[in-house]
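Summary of structural features
For reference, the chains in residue letters:
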Amino acid sequence: MTEKMVDLRSDTVTQPTAAMREAMVAAPLGDDVFGDDPSVNALQEQLAGMLGFEAALFMPSGTQSNLCALMAHCQRGDEYIVGQQQHTYRWEAGGAAVLGSIQPQPLDNLPDGSMRIEDMAAAIKPDDPHFARTRLLSLENTCGGQLLPMAFIEAAHALAQQRGLAMHLDGARVFNAAVAQAAQTGRSAQEEVRRIVAPFDSVSVCFSKGLGAPVGSALCGSKELIARAKRVRKMAGGGMRQAGFLAAAASYALQHHVERLAEDHALAQQLAKGLAGLEGVQVQTPQTNIVFVDLHGALRARSAELLAYLAAHGIQATGLYRLRFVTHLDVDQAGIARAIAVFRQFFTS
């Protein structure tokens, strides 16, 4: 019997569970563009309440959710400060600049995903017609699977308040951050997620990554900001009709799949320990569900060969000189053990 593929490319590859599918089938439906899909409305109220915001808006994707946030905060000719490695700058096709005429001011990310407060302060432009108007500070948590330190978030918030900037959080994996932070503090994940998002004027949350829903993200913010974002969503083609099927999956995920993220984090730790100790291999200790493996020396020239070997033996990953492995609800301990064994076999085959 052929063994099941162990897909560690991303937590976006998850399939809806049987219980989630049942919730989707049972969802009451309406026309969300008219605002009368009860399942979408319930999800939006549920998430806004969980995170402590006035309102939320369901979107097809995290890319669109972030774009709507940036365009709701900024006008043409405005600028937002962002990290070089953050999705809103690096991995979302330049949407803010292309579609919003919003100038990004990228800064170097530190290894933990934060930025230097002094760099952020220096990047804020004076009120002068020569410069774009700095309006927004955008952060990401988790960033590369790393937790943004709360001390950094608080310092960034103090700077933003002092300089009159709004703050947006790309919280695609913010529940991973909350669960990992709760393990450190002894508080609940619910308490920690509200602590994390409290300093921000808006936050985007993804349902189709570790939470395991098939599609969707949501933007949270004030009623006024969400009203502006809803107009942008329409312009961007994100108005869906009977979207309650998808909203029901996201709602189920919020109810049942948050605490279980700790299992993914434990599997990532297991994987990292199992891949460590090989010559030319440097494994970054994961804080959540993403394991990075850097290849050095002669092994760098064999990275494509290593990925092909893994795939030929039923293990999927991404990367080149830096490989990425992501754990999720469709991977178990047996799958991780197989991934470790195949990875190590490459060095002896």
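Residues numbered from 1 in each chain as written. Predicted model: local features only at pLDDT ≥ 70, side-chain atom pairs only at ≥ 80, totals over all residues. Heavy atoms only, no water.

Spelled out, the test is: UniProt positions are given in the numbering used here, feature names are shortened, and annotations may be inferred rather than shown by experiment.
Identification of the protein chain as Low-specificity L-threonine aldolase from Lampropedia aestuarii is taken from an unreviewed UniProt entry. Recorded under Subunit (unreviewed entry), the UniProt text for the protein chain is reproduced unchanged: "Homotetramer."

Quick word on the environment of His257
We apply this condition: We count a stretch as a helix when DSSP gives it H or I for four or more residues in a row; a strand needs E for two or more, and each element gets its number in order from the N terminus. For every residue, the accessible area obtained with a 1.4 Å probe (protein chains only) is divided by the maximum for its type, and the residue is called buried under 20%, exposed over 50%, and partly exposed between those limits. Should any heavy atoms of two residues lie within 4.5 Å, those residues are considered in contact. Polar contacts here mean pairs of N or O atoms no more than 3.5 Å apart (in protein, one a potential hydrogen donor and the other a potential acceptor; neighbouring residues in sequence count only if both atoms are side-chain atoms).
As for its placement among the helices and strands, His257 is situated in the loop between α11 (244-256) and α12 (261-275). Residue classification places His257 among the buried residues on the basis of a relative accessible area of 6%. Sequence separation between His257 and Lys4 is 253 residues, and the spatial gap between their C-alpha atoms is 23 Å. Each residue touching His257, except ones within four places of it in the same chain, is listed here: Thr17, Met20, Leu211, Gly212, Tyr252 and Leu329. A polar contact of 2.7 Å, which involves the side chain of His257, links it to the backbone oxygen of Leu211.

A short note on the pairing of strand β7 (residues 202-206)
Spelled out, the test is: Two strands pair if DSSP finds at least two bridges between them.
The buried fraction of β7 amounts to five of the five residues, a majority that puts the element mostly inside the structure. Of the two faces of β7, the one holding Ser202, Ser204 and Cys206 and the one holding Val203 and Val205 are both buried throughout. Pairing between strand β6 (residues 166-171) and β7: four bridges, direction parallel. Counted as the bridge partner of Leu169 is Val203 from β7.

Some details on the sheet that holds strand β5 (residues 133-140)
Heads up, the condition is: Here the axes come from fitting lines to C-alpha atoms, over the contacting stretch only for helices, and the angles between their N-to-C directions go from 0 to 180 degrees.
The seven strands are arranged β2-β8-β7-β6-β5-β3-β4 in an open sheet whose pairing can be described as mixed. The open sheet is flanked by β2 (55-59) and β4 (103-107), the only strands paired with a single partner. Within this sheet the neighbouring strands show an average axis-to-axis angle of 20 degrees, counted without direction.

Concerning the sheet that holds strand β13 (residues 322-326)
Taken together, the four strands give an open sheet; going across it, the order is β9-β10-β13-β12, and neighbouring strands pair in antiparallel fashion. Both edges of this open sheet fall to β9 (281-283) and β12 (318-319), since each of them pairs with a single strand only. Sheet topology note: the strand β10 (residues 290-295)/β13 ladder contains five bridges and is antiparallel. In the strand pairing of β13, Val291 is matched with Phe325. In the packing of helix α13 (residues 303-312) onto the sheet, contacts are made with β10, β12 and β13, and the angle to β13 comes to roughly 25 degrees.

What to know about unusual backbone geometry
Omega for the bond connecting Asn141 with Thr142 falls within 30 degrees of zero, at 0 degrees, which places this linkage in the cis form. Unusually for a residue other than glycine, Ala93 sits at a positive phi of about 60 degrees. Positionally, Ala93 belongs in the loop between α4 (87-90) and α5 (95-100). Unlike most non-glycine residues, Ser101 shows phi in positive territory, near 55 degrees. For Ser101, the location among the structural elements is in the loop between α5 and β4. By relative accessible area, which is 26% here, Ser101 ends up partly exposed.

What about the side chain of Arg233?
Looking at where Arg233 falls in the secondary structure, it is placed in helix α10 (residues 223-235). Residue class for Arg233 comes out buried when judged on its relative accessible area of 3%. If sequence neighbours within four positions are ignored, Arg233 has contacts with Asp32, Leu57, Phe58, Met59, Gln64, Cys68, Gly238 and Gly239.

Remarks on the domain arrangement of the protein chain
Much of the literature gives interface size as the accessible area that the parts lose upon coming together. How we decide: Where each domain begins and ends is defined by an automated method or by a domain database. Accessible area, probed at 1.4 Å, shrinks when two parts are joined; the buried area is that loss added up over both. Definition used for salt bridges: Asp or Glu carboxyl oxygen within 4 Å of a side-chain nitrogen of Lys or Arg. Each residue is assigned to one of three groups, with Ala, Val, Leu, Ile, Met, Phe, Trp, Tyr, Cys and Pro labelled nonpolar, Asp, Glu, Lys and Arg labelled charged, and all others, Gly among them, labelled polar.
As far as domains go, the protein chain holds domain 1 (18-256) and domain 2 (260-348). In this complex, domain 1 contributes 14 residues to the contact, which on the side of domain 2 involves 14 residues. Summed over both sides, the interface between domain 1 and domain 2 buries roughly 1100 Å², with carbon and sulfur atoms accounting for 53% of that surface. Broken down residue by residue, the surface that domain 1 buries against domain 2 is led by Gln146, Arg173 and Asn176, which jointly contribute 37%. Across the contact surface, domain 1 and domain 2 share zero salt bridges. Element by element, the count of residues in the side of domain 1 that touches domain 2 is highest for helix α8 (residues 174-185), at four residues. Here the side of domain 1 that touches domain 2 is built from residues that sort into five nonpolar, eight polar and one charged.

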